[in-house]
Amino acid sequence: MRADWTVSEINDLKGNVIIVSGGNSGIGFEAVKIFAAKGAAVIMACRSLDKAKQAYESIIVDNAEADIVTMHLDLSSLDSVKKFAAEFKSKYKRLDVLLNNAGIMMMPYGTTKDGFEQQLGVNHIGHFALTGLLFDVIKATSKARIVNISSNAHKFGGMRFDNLMFEDGKGYRPMRAYAQSKMANLLFTYELQRKVDSAGLDVMVLAAHPGASATNLGREMENKAYFKFFVKIFASMSQSAYDGTLPGVRASLDPQAVAAAYYGPDSKRGMTGKPVVVASNEASQSEEDAKKLWDISEDLTGVIFDFSK
Ligand SMILES: NC(=O)c1ccc[n+]([C@@H]2O[C@H](COP(=O)([O-])OP(=O)(O)OC[C@H]3O[C@@H](n4cnc5c(N)ncnc54)[C@H](OP(=O)(O)O)[C@@H]3O)[C@@H](O)[C@H]2O)c1
């Protein structure tokens, strides 16, 4: 695949509606700027409306024409996800791209408002519910795309179906739980595409990862003793948030994209580089795990996707 793709190739996006979860920070913020610069109506779906407003104001300084709306979305609360979806659908009748980007990493053990382990809860379960609740608008939009942001960390550990939520913190390790949530992003992507294909719907589901990008994602580690050491190592092998957003942006808009493709940076270790299609590991291709996760996600959220035409 061509590695020389750039944002200059993105067509005019006037008339397109795009949601970016976690659009106020890091790679989500960079994606919002790119989509808005191309004329899309962009919804920044954020857990803090104050932060979203600040981010919005910093964008319109350079792009007064930007069509950006901020809306509240807390992925750690199913109630909030439901309210967001209902409010969105009362205002918009199409959704060209849903960029499921928001995430947390390396958090101490904790649970969401609905009692889910928080990294799985925010990174996967919240986005599963969001996608399902918006699916009627998505499938009604010609050539709509859903893009889930995963991570190289999906390779650091698989699904732990025997104790998915690390009940009471049993066996909990921050990286183990993060890795599981990022594996879940990929299993969800591939299973949703399979279901979309069998239903004959005009929707593409893709995944992407930003390699190692300088964002606020490590905020939870800032007070840890090893942080200074880690920051130096990370800085030496990371790229900007702008470069890190390009795999997700390319997955969202590249006309050559194929269903269920996974985009990431093209360097050998996948930490930095130009956005291309990359390989996820073998465990992420497991149809058995994907089906299991799907059923559990439906049970936990009560959200059932409607695949009818
Ligand atoms: N940076 C990297 O090197 C890297 C590597 C691999 C994968 N990723 C993935 O990239 C995605 C974006 O992360 P980032 O690096 O850009 O980090 P970031 O700067 O921390 O941005 C994360 C965004 O997610 C939002 N968020 C967190 N919890 C939320 C919740 N409960 N509800 C709604 N929004 C929530 C954050 O909101 P607040 O600003 O309010 O906290 C923020 O807007 C994540 O999925 C992450 O796993 C990043």
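Everything quoted here is computed from the prediction, not taken from an experiment.

Student: Help me understand the sheet that holds strand 3 (residues 67–72), please; the structure alone is not making it clear to me.
Tutor: Remark on secondary structure: sheet strands pair via backbone hydrogen bonds, oriented parallel or antiparallel. One open sheet holds the eight strands; their spatial order is 3-2-1-4-5-6-7-8, and the pairing between them is mixed. Strand pairing shows two members of the sheet lacking a second neighbour, strand 3 and strand 8 (275–277), which therefore form its edges. Each strand axis lies, on average, 20 degrees off the axis of its neighbour in the sheet, ignoring direction. Against the sheet, helix 3 (residues 78–91) engages strand 1 (17–21), strand 2 (41–46) and strand 3, with an angle of about 145 degrees to strand 3.

Student: Looking at this structure, I do not really get the site of the ligand. What am I missing?
Tutor: Around the ligand, a shell composed of 30 residues is seen, among which N24, S25, R47, Y178 and T215 lie nearest. Residue N24 places a side-chain N or O atom 2.7 Å away from an oxygen atom belonging to the ligand. Here an oxygen atom of the ligand and a side-chain polar atom of Y178 are 2.6 Å apart. Burial of the ligand by the protein chains amounts to 97% of its free accessible area of 890 Å². At the level of elements, helix 1 (26–37) and helix 5 (174–199) are the ones that each hand at least two residues to the shell around the ligand. Considering only residue class, the shell around the ligand consists of twelve nonpolar, 13 polar and five charged.

Student: What am I meant to see in the environment of N216 here?
Tutor: Along the chain, N216 turns up in the loop between strand 6 (203–208) and helix 6 (227–237). Looking at N216, the relative accessible area reads 45%, which means it is partly exposed. Distance from N216 to S25, taken between C-alpha atoms, is 7.1 Å for residues 191 residues apart in sequence. Polar side-chain contacts of N216 include one of 2.9 Å to the side chain of S25.

Conventions we followed
- Residues numbered from 1 in each chain as written.
- Predicted model: local features only at pLDDT ≥ 70, side-chain atom pairs only at ≥ 80, totals over all residues.
- Heavy atoms only, no water.
- Pairing = 2+ DSSP bridges.
- Helix = DSSP H or I, 4+ residues; strand = E, 2+ residues; numbered from the N terminus.
- Axes fitted to C-alpha atoms, helices over the stretch in contact; angles between N-to-C directions.
- Contact = heavy atoms within 4.5 Å.
- Near = heavy atom within 4 Å.
- Polar contact = N/O pair within 3.5 Å; in protein donor to acceptor, adjacent residues only side chain to side chain.
- Areas by Shrake-Rupley, 256 points an atom, 1.4 Å probe, with all protein chains shown as cover.
- Nonpolar A, V, L, I, M, F, W, Y, C, P; charged D, E, K, R; others polar.
- Buried < 20%, exposed > 50% of the residue type's maximum accessible area, 1.4 Å probe, protein only.

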